[in-house]
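What the coordinates show
Take a look at the letters that make up each chain.
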Amino acid sequence: MTRAERVSRNLNRALHALFAADERAWLLGEDVADPYGGAFKVTQGLSTAYPDRVLSTPLSENGITGVAGGLALCGDTVIVEIMFGDFAGLAFDPILNLITKSVAMYGERTPMRVVIRCPVGGGRGYGATHSQSPQKHFIGIPHLALYELSPLHDAADVLAAALRRDEPAMLFEDKILYTQRRYVDGRVDDRLAFESRGADGNWARVHDPDATGAPTLVIAPGGVANRAIAAATRAAERGRTVEVLVPARLYPVDVDGLRDLLDGAHGVIVAEESTAGGTWGSEVAARLHAEAWPLLRGPVELVSSADRVIPSAPHLEQAVLLGTDAILDRIMRLPAAPVTTGDRGGPADAPATPAGVSPGVPGAVPVPRTDPSPVDPPPSAPTTAQAGVPVDVPRLNPNDDSYVLLEWLVADGATVEAGEPVAAVETSKAIEELAATRAGVLRQDVAAGADCAPGAPIGRILPESAVPAPPEPLGSPAAAYPEQVEAVGTRTATPGRPLPPAQRRIADVVSTSHREIPVAFTAVRVDVTAALAYARRAADETGATVGLTEVVIAAVAALHERFGALYARLTGDGLVVDAEAPSIGLTVDVGTGLFLPVIRDAAGLDLGDLADAVVALRMKALRGRLREEDMAGMNFLVALNDTPGVTVSRPIIPPGVTCALSVPDVHREVVLDGDGGVRERAVADLGLAYDHRLVNGAQAGAYLAALGEVLQR
């Protein structure tokens, strides 16, 4: 597969190509000139290559856009960069009353080749006035087209389509996409493919070529596309077929590019990050209802962000903005597609479950079963039917003898579908969802908060025809923590409160580490001035989020060949097993627990890809999506203890690992240089905790010295 470039680089390349081809092209915006190259580095190199046509302007969106209108009236092509799309409101007057109206108010058609670029969207903690998605406020202005970048469209094609119209356009760019790589070669991943459809390849269709049945169509632009694709993947695990449709042009809405996909689709959902009310999604729904109603199985559904101001705190921002979970929830709330025949799920008049009714609840239309399920007990075995199919806890982590049943995801006595997640179990590394192996009625046998052993059943799935009376409610303190209840007599709980499940798992790991691993610790002060400068250069060159953490992880991976003993592990029978490649774990504290995701074969990644991996793992942890496979195979731990003011920290060595490197807060100090002068430098006191059975003090000191040399190059 072709190595894909990042979205920001793709856009930068498109702008360079435009300026090379059009000698009358201008770029106007705040801080767009080198070396800054715009707030998100999209315009890097343009002012160097075209110094007379790239102008860094005063901070006046109204003035910038007004000047762009004047240049366009003279026949020039103008690209305007609004530093944050939130500030496009300051340019509303020249957009509404000058640039767009000039196309047709002078007695003849006047070309107005203006593209106003607007970085939009949240997910980066920029707060209420730098994280909005204002696309809806510009819908319906005559002669104004709206476009949005996505990882499925080439920016050069989008710019060309916008400029071919000879009318002004706005190009919205979700900031969360800038560091992400595009999808190329018609593939999203090993399962999902994509194809371009419609005029100018406006629509990208993401689908599973091997899927059968009538699909649910999720229409999602820009940065929401990745969230919709993730929701589609998770919905497929629950037996749903979902296709994601991503437009390059938001407005005017291209209905023609959707007609053949609507024929036979089970339902349509439009997902966008703006708040509800007067939205682009409403425009899509109105156009589809007006022009394609005979093809729809039900009303077009809309899902958007909460009607709230966007907070800066990550957990609050996540609660407000539209995410994968909200899209998945809307998909799963649609009734399951009926059993039909044909390549797109059968004829358009096939009976469907009524909109708004979920299968398995009163009012649903059942799909008759024509063949017996292999797991259904025979009619002559009522005892087995009453016992049901157990919900067992699989062995998720070889280091754990027990897990915590964190929560039930489905109420006791509720009807569930095969493949539907019913419980969440927490291991020492991650939270795993357990799915029902058959359809039926869930009975809970173990209370949330209780310990459960690998292989042990925690509940049952009963056939609906064999459901007994509901048992007594679970979840009391006595059921959840029987060890805290007196065995005989009054059953009075002992004083105190139990540790939360997440903290109990951490406590188990810490106890095991202290009990089994003889830990030694060495710390050295390292000048990280050069490393920080290198991180900044790498961020500019790759477009990735690179900091000291990523540079340290890369250095640790590079030292594997020289210091193999520090990456080895000691087995229970005293054998040393060397690591073939460095798989570096890092600590991620999300406030509700400490997680140790792993970057496998870290030495094989360039710094940009390594930074992408770190961001992806952190986002998974923040969203509660880490799985066992994300945290398996670690042979070295980088423990981040960079709270401001922390200078030295001794990390815990997880079982199965020999060394843990702590990276504390960077602080500044004044030192004498070789000529007796005074200079300031940035330093970090890197600490190495090591298993003294495998590594001695001399090896630890040599390793830290080598690490310091790498970071100071």
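Read on for a plain summary of the structure. Everything numeric in this text was worked out from a predicted model, so none of it was measured.

Another point: empty space enclosed by the protein. The tally for this structure, following the rule as stated, stands at two cavities of 30 Å³ or more. Quantified by volume, the largest cavity comes out at close to 100 Å³. Around the largest cavity, the lining residues are V120, S133, Q135, E148, D174, P221, V224, L250, E272, E273, S274 and W280. The leading source of residues in the lining of the largest cavity is strand β12 (residues 267–275), at three residues. Here the residues of the lining of the largest cavity are counted per class, giving five nonpolar, three polar and four charged.

What the six strands build is an open sheet, ordered β7-β8-β10-β9-β12-β13; its pairing is mixed. This sheet does not close on itself; its edge strands, each paired only once, are β7 (193–197) and β13 (301–305). Neighbouring strand axes in the sheet, compared pairwise and without regard to direction, differ in orientation by 25 degrees on average. Sitting on the sheet, helix α8 (residues 280–291) is in contact with β9 (216–219), β10 (242–247), β12 and β13, with an inclination near 155 degrees to β12.

The next subject is helix α5 (residues 155–164). Residues spaced three or four apart along an α-helix face the same direction, because each turn holds 3.6 residues. Of all the positions in α5, only A155, V158, L159, A161, A162 and L163 are classed as buried. Buried residues belonging to α5 abut α1 (7–21), β3 (77–81), β4 (114–120), β5 (145–148) and β6 (169–174). For α5, the side-chain oxygen to backbone nitrogen distance between the N-cap and A156 is 2.8 Å, and the N-cap itself is D154. Among the residues trailing α5, D166 stands out with phi positive, at a value near 55 degrees.

Moving on, we get to the nonpolar core. Membership of the largest hydrophobic core comes to 54 residues, with the highest contact counts inside it found for V556, Y567, F636, L661 and L688. It is helix α15 (residues 548–558) that provides the largest number of residues to this core, a total of seven residues. Among residues more than four places away in sequence, those in contact with L661 are V552, V556, F636, L637, V638, A639, P651, L686, G687, L688, L704 and L707.

With that settled, consider the environment of Y126. Summarising the element assignment, Y126 is placed in the loop between β4 and β5. Assessed through its relative accessible area of 33%, Y126 is described here as partly exposed. When near neighbours in sequence (up to four residues on either side) are disregarded, Y126 contacts F40, F84, S131, K175, S312 and E317.

Next up on the list: the side chain of R117. Following the sequence through the fold, R117 ends up in strand β4. Polar side-chain contacts of R117 include one of 2.6 Å to the side chain of E173. Aside from chain neighbours lying at most four places away, what touches R117 is L11, V42, T43, I79, V80, E81, I82, L171, E173 and Y178.

For the rest of this paragraph, the subject is the pattern of salt bridges. In total, this model carries 35 salt bridges according to the counting rule given. R13 is the salt-bridge partner of D154, the closest N and O atoms lying 3.5 Å from each other. Note that D154 is positioned in the loop between β5 and α5 and R13 in helix α1, a separation of 141 residues in sequence. Using a relative accessible area of 39% as the deciding quantity, one classes R13 as partly exposed. Two residues, E669 and R681, come together in a salt bridge whose shortest N-O distance is 2.6 Å. Of this pair, E669 sits in strand β31 (residues 667–672) while R681 is found in strand β32 (residues 678–691), placing the two residues 12 residues apart along the sequence. Looking at E669, the relative accessible area reads 16%, which means it is buried.

This brings us to unusual backbone geometry. That bond from D34 to P35 is cis: its omega, 10 degrees, falls within 30 degrees of zero. Turning to its location among the elements, P35 is positioned in the loop between β1 (25–29) and α2 (46–49). Here the residue pair Y251 and P252 is connected by a cis peptide bond, since its omega of -5 degrees sits within 30 degrees of zero. With respect to the helices and strands, the residue P252 is situated in the loop between β11 (249–251) and α7 (259–262). Positive phi outside glycine occurs at D31, with the angle close to 60 degrees.

For the rest of this paragraph, the subject is the packing of helix α3 (residues 61–73) against helix α4 (residues 92–99). Contact geometry of α3 with α4 gives a least axis separation of 8 Å together with a crossing angle of 20 degrees. The angle between α3 and α4 falls in the class roughly parallel. Taken as a pair, α3 and α4 cross one another with a handedness that is right-handed. Residues N62, T65, G66 and G69 of α3 touch α4, and the partners they reach there are D93, P94, I95, L98 and I99.

Before going further, it helps to examine the side chain of S305. One can find S305 in strand β13. Residue class for S305 comes out buried when judged on its relative accessible area of 7%. A polar contact is formed between the side chain of S305 and the backbone oxygen of E273, at a distance of 2.6 Å. When neighbours within four sequence positions are excluded, S305 is seen to be in contact with E272, E273, S274, T275, A276, V320, L321 and L322.

Take the packing of α1 against α5 next. Where α1 contacts α5, the axes come no closer than 8 Å and their chain directions differ by 50 degrees. The orientation of α1 with respect to α5, classified from their angle, is oblique. From α1, N10, L11, A14, L15 and L18 reach across to α5, where they touch A155, A156, L159 and L163. A per-class count over the contact of α1 with α5 returns eight nonpolar, one polar and no charged.

To continue, consider the pairing of β1. Of all five residues in β1, four are buried, a share of seventy percent or more. Sheet topology places β1 next to β3; five bridges connect them, and they run parallel. By the bridge assignment, G29 is partnered in β3 with E81. Here β1 pairs with strand β2 (residues 54–56) via three bridges, running parallel. Counterpart to L27 in the pairing with β2 is V54.

Procedures and definitions
Residues numbered from 1 in each chain as written. Predicted model: local features only at pLDDT ≥ 70, side-chain atom pairs only at ≥ 80, totals over all residues. Heavy atoms only, no water. 1 Å grid on protein atoms, 1.4 Å probe; cavity = no way out; pocket = protein on both sides within 12 Å on 5 of 7 lines; lining within 4 Å. Points joined across faces, edges and corners; volume = space filled by probe spheres on them. Helix = DSSP H or I, 4+ residues; strand = E, 2+ residues; numbered from the N terminus. Nonpolar A, V, L, I, M, F, W, Y, C, P; charged D, E, K, R; others polar. Pairing = 2+ DSSP bridges. Axes fitted to C-alpha atoms, helices over the stretch in contact; angles between N-to-C directions. Contact = heavy atoms within 4.5 Å. Buried < 20%, exposed > 50% of the residue type's maximum accessible area, 1.4 Å probe, protein only. Polar contact = N/O pair within 3.5 Å; in protein donor to acceptor, adjacent residues only side chain to side chain. Core = buried A, V, L, I, M, F, W, Y, C linked by side-chain atoms within 4.5 Å. Salt bridge = Lys/Arg side-chain N within 4 Å of Asp/Glu carboxyl O. Parallel < 35°, antiparallel > 145°, perpendicular 65-115°, else oblique. Left-handed = near helix turned anticlockwise from the far one by under 90°.

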